[in-house]
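Residues per chain, in single letters:
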Amino acid sequence: MRAPVLTFFNNKGGVGKTSLIYHLAWMFSSLRKRVVIIDLDPQANLTAAFLDEDKIESIWSQQNIGSTIYQCVKPLTGVGDISEPILQNIATDLYLLPGDVNLSGYEDALSGEWPNSMGDNNLYRPMRILSSFWQVMQMAATKIQADIILVDIGPNLGAINRSVLVATDYVVIPLGADLFSLQGLKNLGPTLRSWKGLWQKRLDNWNGSTEKPMFPNFQLPLGLMQPIGYLCQQHGVRLDRPVKAYDKWVQRIPHVYRESVLNNALVADNIRQEDDPYCLATIKHYRSLIPMAQEHRKPIFALTSADGAIGSHANAVQGAKQDFKELALKIAAQIQMTV
Ligand SMILES: Nc1ncnc2c1ncn2[C@@H]1O[C@H](COP(=O)(O)OP(=O)(O)O)[C@@H](O)[C@H]1O
Ligand SMILES: [Mg+2]
């Protein structure tokens, strides 16, 4: 069984990516999908959203094999093999493989094995290491019979993220309405295409090797990295900033998305963001609901009057529930997952 891997990626940080994955994970599980979340950002913000500090500290200090994504792949940096992931059960149908600040220590192994995987022999070890995130993801998914794997990563184009993208079937791109997000988007498309092509070469090299028949059970990710759309985040916008400034950037996104990500140079310039089928949603600025939800360690749409969500807040909670449900259903349709 291969569970679909959905990665949220943008090489510009602070666009609300982690909060978005947190909420979508809860929404998919409330729609009765079995979800496993893999925190592949060494900053581990998503892990901190799900688990309290004491729990995270105990996981990190014990350094049990398999207890974080890094602890699963770490044996590969020596003579060992991948370890079975130990998942945290967050709620019914919702599981997390915690992130790890030490994950950055794996970057060197990944960049070192990238050229080795194109050699004529001794390919198994490099291919095992380069696909190790995918191997762990699929072990985790098999363990809990997951319908979907959701992945958070840091905002860069380094070797860790390349390996995560190699493990990815579908990519969602969260964007802010500013120069930096637009610039990031321009780099993203060509980078994804390049990684996809380079991984295909490695797959071909492996498939044509004399070593492959020796490892009949060794499966590899296809590196599809199919972009399914982008999200516009309104919350990055300063409340005192004129609407015109937001509009100026946001209306350039449809063109840049087509040019960079879809590699379609013959694009019409006049598609407005609100009419763009590739725009999966505009994420609202949820203001005080965000800290309220963080305090109660819940998604905003699960806040109750006992948590302080009364009056207009209660309406906003209902609105958020509807927004995230619509988004989850849209994503499910894009990846052909029945809900
Ligand atoms: N929809 C939203 N409305 C208001 N604030 C938000 C929203 N989404 C995220 N934030 C806040 O913006 C900051 C950055 O969000 P985060 O999800 O960590 O972004 P990223 O993962 O892209 O760095 C956090 O302080 C978060 O609480
Ligand atoms: Mg983040």
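Presented here is an overview of the structure given in this document. (Residues numbered from 1 in each chain as written. Chains lettered and ligands numbered in written order. Predicted model: local features only at pLDDT ≥ 70, side-chain atom pairs only at ≥ 80, totals over all residues.)

1. A word on the environment of S104
Note that S104 resides in the loop between strand 4 (94-97) and helix 5 (107-116). Classification of S104 as partly exposed rests on a count of 14 C-beta atoms within 10 Å. Spatially, the C-alpha atom of S104 lies 7.8 Å from that of I160, the residues being 56 residues apart in sequence. (Helix = DSSP H or I, 4+ residues; strand = E, 2+ residues; numbered from the N terminus. Buried ≥ 20, exposed ≤ 12 C-beta atoms within 10 Å, placed from the backbone.)

2. Digging into the site of ligand 1
As a matter of local geometry, ligand 1 sits amid 14 residues, with G16, K17, T18, S19 and H235 nearest to it. By residue number, the principal contributor to the shell around ligand 1 is helix 1 (residues 17-30), which donates three residues. Here the residues of the shell around ligand 1 are counted per class, giving four nonpolar, eight polar and two charged. (Near = placed C-beta within 6 Å. Nonpolar A, V, L, I, M, F, W, Y, C, P; charged D, E, K, R; others polar.)

3. So, the sheet that holds strand 1 (residues 5-8)
Strand order in the open sheet formed by eight strands is 3-4-2-5-1-6-7-8, with mixed pairing between adjacent strands. A strand with exactly one partner marks an edge of an open sheet, and here the two such strands are strand 3 (88-91) and strand 8 (279-283). Averaged over neighbouring strand pairs, the angle between their axes works out to 25° when direction is ignored. Here strand 3 pairs with strand 4 via three bridges, running antiparallel. Directly across from N89, in strand 4, lies its bridge partner Y95. (Pairing = 2+ DSSP bridges. Axes fitted to C-alpha atoms, helices over the stretch in contact; angles between N-to-C directions.)

4. A few points about the nonpolar core
Counting residues in each nonpolar core, the largest one holds 97 residues, and the members touching the most others are V36 and I149. Counting residues per element, this core draws most heavily on helix 1, which supplies eight residues. Apart from residues lying up to four places away in sequence, I149 is in contact with A3, P4, V5, L6, V36, I38, M137 and A141. (Core = buried A, V, L, I, M, F, W, Y, C linked by C-beta atoms within 7 Å. Contact = placed C-beta atoms within 7 Å.)

5. What about the packing of helix 5 against helix 8 (residues 159-166)?
Here helix 5 crosses helix 8 at 70°, and the two axes come no closer than 8 Å. Comparing their axes, helix 8 and helix 5 come out roughly perpendicular. Considering only the axes of helix 5 and helix 8, their crossing is left-handed. Residues E107, L110, S111 and W114 of helix 5 lie in contact with helix 8, whose contacting residues are A159, I160 and S163. Within the contact of helix 5 with helix 8, the residues separate by chemical class into four nonpolar, two polar and one charged. (Parallel < 35°, antiparallel > 145°, perpendicular 65-115°, else oblique. Left-handed = near helix turned anticlockwise from the far one by under 90°.)

6. What to know about the packing of helix 9 (residues 179-207) against helix 11 (residues 253-261)
At a minimum axis distance of 7 Å, the contact between helix 9 and helix 11 shows a crossing angle of 25°. Compared by their axis directions, helix 9 and helix 11 come out roughly parallel. Helix-helix and strand crossings are classified by hand; for helix 9 and helix 11 the assignment is right-handed. Across from L182, L185, K186, L188, G189 and P190 in helix 9, the residues of helix 11 making contact are I253, V256, Y257, S260 and V261.

7. Concerning unusual backbone geometry
Positioned with a positive phi, Q63 is a non-glycine residue whose angle comes to about 50°. When the 13 C-beta atoms within 10 Å are taken as the criterion, Q63 is described as partly exposed. For Q145, which is not a glycine, the phi torsion comes out positive at approximately 50°. Topologically, Q145 is positioned in the loop between helix 7 (132-144) and strand 5 (148-153). Judged by C-beta crowding, with 11 C-beta atoms within 10 Å, Q145 ranks as exposed.

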